[in-house]
Amino acid sequence: RTTNVGAGGLVINNGGTLNDASTTGTLNVSGGCTVPAGASATANRMTISVTGATIISGTLTFTNTGGTKTFNDVTIASGGTWTATAAEAFTINGSISQNGTFLANTGIYTLAGAAKTLGGTRNLIFDRVSISGSYTNTDSLQLTTDFAGAGTLTQSANSYFVIGDLTPAAILTA
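Quantities reported herein were computed from a predicted structural model and do not represent experimental measurements.

(A) View of the packing of aromatic side chains. In the structure shown here, the tally under the stated rule is twelve aromatic pairs. Their ring planes at 35° and their centres at 5.9 Å tell us that Trp82 and Phe102 sit as a pair that is tilted. Residue Trp82 is found in strand E12 (residues 81-84), and its partner Phe102 is found in strand E15 (residues 101-103); the two are separated by 20 residues along the sequence. Ring plane angle 75° and centroid distance 5.3 Å describe the contact between Phe102 and Phe126, whose orientation is recorded as edge-to-face. Placement of the pair is Phe102 in strand E15 and Phe126 in strand E18 (residues 124-131), with a sequence separation of 24 residues. The same class applies to Phe102 as to Phe126, namely buried. Ring-pair connections join several aromatic residues into one group, and the members of that group are Phe62, Phe71, Trp82, Phe90, Phe102, Tyr109 and Phe126.

(B) Quick peek at the sheet that holds strand E6 (residues 40-43). Read across the sheet, five strands follow the order E3-E6-E9-E12-E15 without closing on themselves; strand pairing throughout is parallel. Edge strands, defined here as strands with exactly one partner in the open sheet, are strand E3 (16-18) and E15. Mean inter-strand twist for the sheet, computed between neighbouring axes without regard to direction, equals 10°. Across four bridges, strand E9 (residues 59-62) lies against E12 in parallel orientation. When the sheet's bridge partners are listed, Thr59 is paired in E12 with Thr81.

(C) Main features of unusual backbone geometry. You will see that Asn105, though not glycine, has its phi angle at about 65°, which is positive. Its location among the elements puts Asn105 in the loop between E15 and strand E16 (108-111).

(D) Quick look at the pattern of salt bridges. Applying the stated rule across the entire model yields two salt bridges. Here Glu88 makes a salt bridge to Lys69, at a shortest N to O gap of 3.1 Å. Of this pair, Glu88 sits in the loop between E12 and strand E13 (90-92) while Lys69 sits in strand E10 (residues 69-71), and the two are 19 residues apart along the sequence. Note on Glu88: relative accessible area 3%, which makes it buried. Its salt-bridge partner being Arg128, residue Asp146 comes within 3.4 Å of it at the nearest N-O pair. Residue Asp146 is found in strand E20 (residues 140-148), and its partner Arg128 is found in strand E18; the two are separated by 18 residues along the sequence. On the basis of relative accessible area, Asp146 is assigned to the partly exposed category, the value being 38%. Residue Arg128 is classed as partly exposed on the basis of its relative accessible area, which comes to 28%.

(E) Representation of the sheet that holds strand E5 (residues 33-35) within the structure. Read from one edge to the other, the open sheet built from eight strands follows the order E2-E5-E8-E11-E14-E17-E19-E21, with strand pairing classed as parallel. Among the strands making up the open sheet, the edge pair consists of strand E2 (10-11) and strand E21 (152-155). Direction of pairing for strand E19 (residues 134-137) relative to E21: parallel, over a ladder of four bridges. Bridged to Ser134 within E21 is Thr152.

Rules used throughout
- Residues numbered from 1 in each chain as written.
- Predicted model: local features only at pLDDT ≥ 70, side-chain atom pairs only at ≥ 80, totals over all residues.
- Heavy atoms only, no water.
- Phe/Tyr/Trp six-rings, centres within 6.5 Å; stacked < 30°, edge-to-face > 60°.
- Helix = DSSP H or I, 4+ residues; strand = E, 2+ residues; numbered from the N terminus.
- Buried < 20%, exposed > 50% of the residue type's maximum accessible area, 1.4 Å probe, protein only.
- Pairing = 2+ DSSP bridges.
- Axes fitted to C-alpha atoms, helices over the stretch in contact; angles between N-to-C directions.
- Salt bridge = Lys/Arg side-chain N within 4 Å of Asp/Glu carboxyl O.

What follows is the structure, given as structure tokens:
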């Protein structure tokens, strides 16, 4: 089943489940996607494409690797949580602002946007990243396992880029 949501966007209120765990569906959102504070939503086995901004003030959990997951700008607000409980692959075509909790799991995140930023008030931690676009790290970025791609990553002043563990030799400060 395919669901198309127009430019008005999608608000997922408390208890929202996007598709069940046994069927594959498609959700195309041409506007933004919001999970409000206090709300929780679960994305199961499905393809998701959001071309507007995604704002997570509540909890958004991805539980299955079925389907592709593509987002534009992603903001995890203070008190918000983005959790991947499976090793899902994501494509992010926009900026990421991490001000809450970001639990990426071991799936690969492809950062494909042009002239985008990675930042926020909290550490942004990935297990695996491939950069095919151009990104500027404006705060604190940590990659624990794999870092690949033909794109560019630029460090802004006073930002941190940690590869692997948190030993001082692994920290690159721009």
